[in-house]
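Survey of secondary and tertiary structure
In case you want the letters, here they are:
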Amino acid sequence: MSELVQTRDHGDIREIRLARPPVNALDADLCRALIGALNAALSDGVRGIVLAGNERIFSAGMDVPHLLSHGNDRDALMDSWHAFFGAARTLAESRVPVVAAISGHAPAGGCVLALCCDYRVMARSTDPARPFAIGLNETQVGLVVPEGIQRLLRRVVGPYRAERLLVAGEMVPAERALEIGLVDELIEQAGVTARAIDWLQQLLRLPHHPMLQTRAIARHDLVQALSPEFIQLDRFVDAWHAPDTQAALHALVDKLKK
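Source: prediction; values computed, not measured. (Residues numbered from 1 in each chain as written. Predicted model: local features only at pLDDT ≥ 70, side-chain atom pairs only at ≥ 80, totals over all residues. Heavy atoms only, no water.)

Focus on the packing of helix H5 (residues 147-157) against helix H6 (residues 159-168)
Going by this rule: All axes here are fitted lines through C-alpha atoms, helices being fitted over the stretch that makes contact, and every angle between N-to-C directions spans 0 to 180 degrees. Secondary structure elements follow DSSP: runs of H or I of four or more residues count as helices, runs of E of two or more count as strands, with numbering from the N terminus. Here is the rule for angles: anything less than 35 degrees is roughly parallel, anything more than 145 is roughly antiparallel, 65 through 115 is roughly perpendicular, and the remaining ranges are oblique. Each helix crossing is assigned a hand: it is left-handed if the near helix lies turned anticlockwise from the far helix by less than a right angle, otherwise right-handed if that turn is clockwise. Note on contacts: a residue pair qualifies if any of its non-hydrogen atoms lie within 4.5 Å across the two residues. For this scheme, ten residues count as nonpolar: Ala, Val, Leu, Ile, Met, Phe, Trp, Tyr, Cys and Pro. Four count as charged, namely Asp, Glu, Lys and Arg, and the remainder, Gly too, count as polar.
Where H5 meets H6, the axes come as close as 7 Å, and the angle between the chain directions of the two elements is 130 degrees. Here H6 runs oblique to H5, going by the angle between their axes. Here the hand of the crossing between H5 and H6 comes out right-handed. Of the residues in H6, those in contact with Gln 150, Leu 153, Arg 154 and Val 157 of H5 are Pro 159, Arg 161, Ala 162, Leu 165 and Leu 166. The residue makeup of the contact of H5 with H6, split by class, is six nonpolar, one polar and two charged.

Looking at the environment of Asn 72
Note the following rule: Between buried and exposed lies partly exposed: a residue is buried under 20% and exposed over 50% of the maximum accessible area for its type, with that area taken using a 1.4 Å probe on protein chains only.
Position of Asn 72 relative to the elements: it lies in the loop between helix H2 (64-69) and helix H3 (74-92). The exposure class of Asn 72 is exposed, given its relative accessible area of 73%. The spatial distance from the C-alpha of Asn 72 to the C-alpha of Leu 200 is 44 Å, given a sequence separation of 128 residues.

Observations concerning unusual backbone geometry
In this structure, the amide linkage connecting Pro 21 to the following residue, Pro 22, adopts the cis form with an omega of 0 degrees. Position of Pro 22 relative to the elements: it lies in the loop between strand S2 (13-18) and helix H1 (28-43). Even without being a glycine, Asn 24 presents a positive backbone phi close to 55 degrees. Relative to the helices and strands, Asn 24 resides in the loop between S2 and H1.

So, the packing of aromatic side chains
Convention followed: Ring geometry is summarised as follows: Phe, Tyr and Trp rings, the Trp one being its six-membered ring, pair when their centres sit within 6.5 Å, and such pairs are stacked at plane angles under 30 degrees, edge-to-face over 60 and tilted between the two. Counted as over-ring charges are cases with an Arg CZ or a Lys NZ within 6 Å of the ring centre that also lie within 35 degrees of the ring normal.
A complete count under the given rule lists seven aromatic pairs for this structure. An aromatic cluster of at least three residues, connected via ring pairs, comprises Trp 81, Phe 84, Phe 85, Phe 236 and Trp 240. For Arg 151, the ring lying beneath its charged end belongs to Phe 230, and the centroid distance is 3.8 Å.

Okay, here's the thing in structure tokens:
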């Protein structure tokens, strides 16, 4: 398996861990490695998957410096975004349940990947003054949130709350994320992956075929949200080049350098 992801089997459950230092920023290579790992897990007949990050961050979202390095190369930019949305769709379309083990922050693309999973277990920070946070903060860095991604958030927190969070680009502290249903459980950091495995094991004790059929019906709207109709990638990439978007993205990169 690619060095960008690490895998470990727990019986018939496979843990897939993002492993691109330092913050699991999502470039095309990592996204494609994740797609490959998910497809390999299904080919190997696993019955459940845990998607994890590192000890302080699940994924920082898209690798903005890498995206900006494409300059005016539209084909390269489209390729990077195709890879990301492909990873999200592969998660959403998984024929076995997937749990996000969120052991740290999950902004932007990291939150999108988590929203594509069946269940989200998030870590409680050891420092109450600096809680872990999750959210779609795209507007804060100058990006439009496509309709399909907005639908992912609406289905877990409701339409009005999703509107407020999306428009503000708000990152939600873990405790509040639990209150509003953005995550399903909040536990101590060291136990996040174990709890994700335990949840899957409980689910897999159910009669297998009825559970999977019911799950597929229930997740139809999630899969549909990630269809080209609702992502409209051409329009999204056009907006990428807007002056205020570029200014905000370069300001973010400057901040990251400090």
